[in-house]
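Given next are the chains, with one letter for each unit.
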Amino acid sequence: MGKVVLVTGAARQLGGRFVRRIQRDPDVERVIAVDAVEPPHRLGSAEFVRTDIRQSAIARVLAEHAVDTVVHLAVTGGAGGSGGGHSAVKETNVIGTMQLLGACQKSPTVRRLVVKSSTSVYGGTSRDPAVFTETTQPKSLPTGGFAKDASEVEGYVRGFARRRPDVAVCVLRFANILGPFADSALAEYFSMPVMPTVLGYDPRLQFVHEDDVLEVLGLAAREPRRGTLNSGTFNIAGDGVLLLSQCSRRLGRPTVPLLLPAVTWVGQALRAVGVTDFSPEQIRLLTHGRVVETAQMRDVLGFAPMYTTAETFADFARSRGGGLLPPERVGRAVDRVAAMLDADVEAEAVEGAKR
């Protein structure tokens, strides 16, 4: 008999894509897709069960379908796709995870748990190390937003792993997820015609492509390949980094540098009118940036992303169309300025030699 996989968060685009992708795995017999609202997309041959993981009914779903693998994707940073406002999303992230883990603990059939987390658990301060590893402790614990939710979720997952050592538990800390279908707050920020930035800061950013997210989730949901181990906690990100200034140039979107208090005020105004979820957490990311080490992802998990950070961003940029400042024009302007500077330096050198 093949595996029975339960996927939470199926109404969001990433959850729906993973439900369709995992059905192609020859070892999977059935896929149970769960969410509190009807998904706006097709789920293939998966059986959709409309239930709220914040309720105890999720235990009945696990029992009725004899689920052996749970992929928990209903840990999100925004309200898009799953219904409800930000308070409902926070409850789903934290209370929903607690309820799901309680159901998994009582289930005699569950043998594998995969949890979608985020590198935002490392926080963002001026005292951060240049690169975070999986064992790096944050300088200060997140005080709110999705980062706090993800940190609490990971704490509950560690408690579950201690209580059920017979269950293989894999926590995937994803860098910022981008791609043609990205619907995150950061994707909304990059889609703004003019991007507010923090004056004096040019943070380093890492991205992971949606397609790589689907692949590594599938890898974590099955039995490990020979010589690898897919239980534990892993940072997942594409190779390389991009500066925020490089991102803006490649998008062709101008930036407006503002003092940090002004950026906070602008963020509050944008959230109030529903333009984008410009949260304090995102402001910290756009101030200090965040880069993680991915050696464990390659050496232990045995996963190599198809896309680098730069390639991921390029694919995302193509899906968003041209900005106010086409990158090729910006590039030509930069080249002209550089040539003028070089000519001035050369002229000064010649004058100096004559003297």
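Described in the following lines is the structure provided in the data block.

Criteria and thresholds
Residues numbered from 1 in each chain as written. Predicted model: local features only at pLDDT ≥ 70, side-chain atom pairs only at ≥ 80, totals over all residues. Heavy atoms only, no water. Helix = DSSP H or I, 4+ residues; strand = E, 2+ residues; numbered from the N terminus. Buried < 20%, exposed > 50% of the residue type's maximum accessible area, 1.4 Å probe, protein only. Contact = heavy atoms within 4.5 Å. Polar contact = N/O pair within 3.5 Å; in protein donor to acceptor, adjacent residues only side chain to side chain. Expected span 1.5 Å × (residues − 1). Salt bridge = Lys/Arg side-chain N within 4 Å of Asp/Glu carboxyl O. Pairing = 2+ DSSP bridges. Phe/Tyr/Trp six-rings, centres within 6.5 Å; stacked < 30°, edge-to-face > 60°. Right-handed = clockwise from strand over helix to strand, strands pointing away. Axes fitted to C-alpha atoms, helices over the stretch in contact; angles between N-to-C directions. Left-handed = near helix turned anticlockwise from the far one by under 90°. Nonpolar A, V, L, I, M, F, W, Y, C, P; charged D, E, K, R; others polar.

### Regarding the environment of G179
And step 1. Inspection of the secondary structure assignment puts G179 in the loop between β7 (176–178) and α5 (185–190).
And step 2. Owing to a relative accessible area of 0%, G179 belongs among the buried residues under this scheme.
And step 3. Every residue in contact with G179, bar those within four places of it in the chain, is listed here: H209, E210, F316, S319 and R320.

### Things to note about the side chain of R164
And step 1. Take R164: it is sitting in the loop between α4 (145–163) and β6 (168–174).
And step 2. The exposure class assigned to R164 is buried, which follows from its relative accessible area of 10%.
And step 3. Looking at R164, its side chain comes within polar contact range of the side chain of D166, at 2.8 Å.
And step 4. When neighbours within four sequence positions are excluded, R164 is seen to be in contact with C104, Q105, K106, S107, V110 and R111.

### Considering α4
And step 1. Taking 1.5 Å of rise per residue, the 19 residues of α4 would be expected to cover 27 Å, and the 28 Å separating its terminal C-alpha atoms lies within 8% of that figure.
And step 2. Each element contacted by the buried residues of α4 is listed here: α3 (86–106), β5 (112–118), β6 and α9 (280–288).

### Regarding the pattern of salt bridges
And step 1. If you walk through the whole model with that rule in mind, you get 16 salt bridges.
And step 2. Note that E91 and R54 form a salt bridge whose closest N and O atoms lie 2.8 Å from each other. On the criterion of sequence distance, the pair formed by E91 in helix α3 and R54 in the loop between β3 (47–50) and α2 (57–65) is long-range, its members being 37 residues apart.
And step 3. A residue is classified by how much of its surface remains accessible, and E91, at 40% relative accessible area, is partly exposed.
And step 4. Judged by relative accessible area, R54 falls into the partly exposed class, the value being 22%.
And step 5. Among the salt bridges present, the one from K148 reaches E152, with a minimum N-O distance of 2.4 Å. Taken as a pair, K148 and E152 lie in helix α4 at a separation of four residues, close to a single helical turn.

### Comments concerning the pairing of strand β4 (residues 69–72)
And step 1. Residues T69 and V71 point to one face of β4 and V70 and H72 to the other, with burial holding for every one of them.
And step 2. One ladder, built from four bridges, connects strand β1 (residues 3–8) with β4; its direction is parallel. Residue T8 lies in a different strand from β4, and its bridge partner there is H72.
And step 3. Of the strand pairs in this sheet, β4 and β5 are connected by four bridges, and their pairing is parallel. For T69, the partnering residue across the bridge sits in β5 and is R112.

### A few points about the packing of aromatic side chains
And step 1. All told, the structure shown has seven aromatic pairs when counted by the stated rule.
And step 2. Taking 5.2 Å as the distance between ring centres and 80° as the angle between the ring planes, the aromatic pair formed by F190 and F313 counts as edge-to-face. Placement of the pair is F190 in helix α5 and F313 in helix α11 (residues 309–320), with a sequence separation of 123 residues.
And step 3. Take F313: its relative accessible area is 0%, and that puts it in the buried class.
And step 4. Linked through ring pairs, Y189, F190, F207, F313 and F316 together constitute an aromatic cluster.

### Some thoughts on helix α1 (residues 13–22)
And step 1. Counting buried residues in α1 gives eight out of ten residues, a clear majority hidden from the surface.
And step 2. Contacts made by the buried residues of α1 are with β1, β2 (28–35), β4, β5, β7 and α6 (210–221).

### Here we look at the pairing of β1
And step 1. A large share of β1 lies buried, amounting to six of its six residues.
And step 2. Because side chains alternate across β1, one face comprises the buried residues K3, V5 and V7, and the other comprises V4, L6 and T8, equally buried.
And step 3. Both β1 and β2 contribute to a ladder of six bridges, which runs parallel. Within β2, the position partnered with V5 by the bridge is V31.
And step 4. Handedness of the β1-α1-β2 crossover: right-handed.

### Observations concerning the packing of helix α7 (residues 244–251) against α11
And step 1. Remark: α7 packs on α11, axes separated minimally by 10 Å, with the N-to-C direction vectors making an angle of 35°. The way α7 lies across α11 gives a crossing that is right-handed. Across the interface between the two elements, C247, R250 and L251 from α7 touch A310, F313, F316 and A317 from α11.
And step 2. Classifying every residue of the contact of α7 with α11 gives six nonpolar, no polar and one charged.

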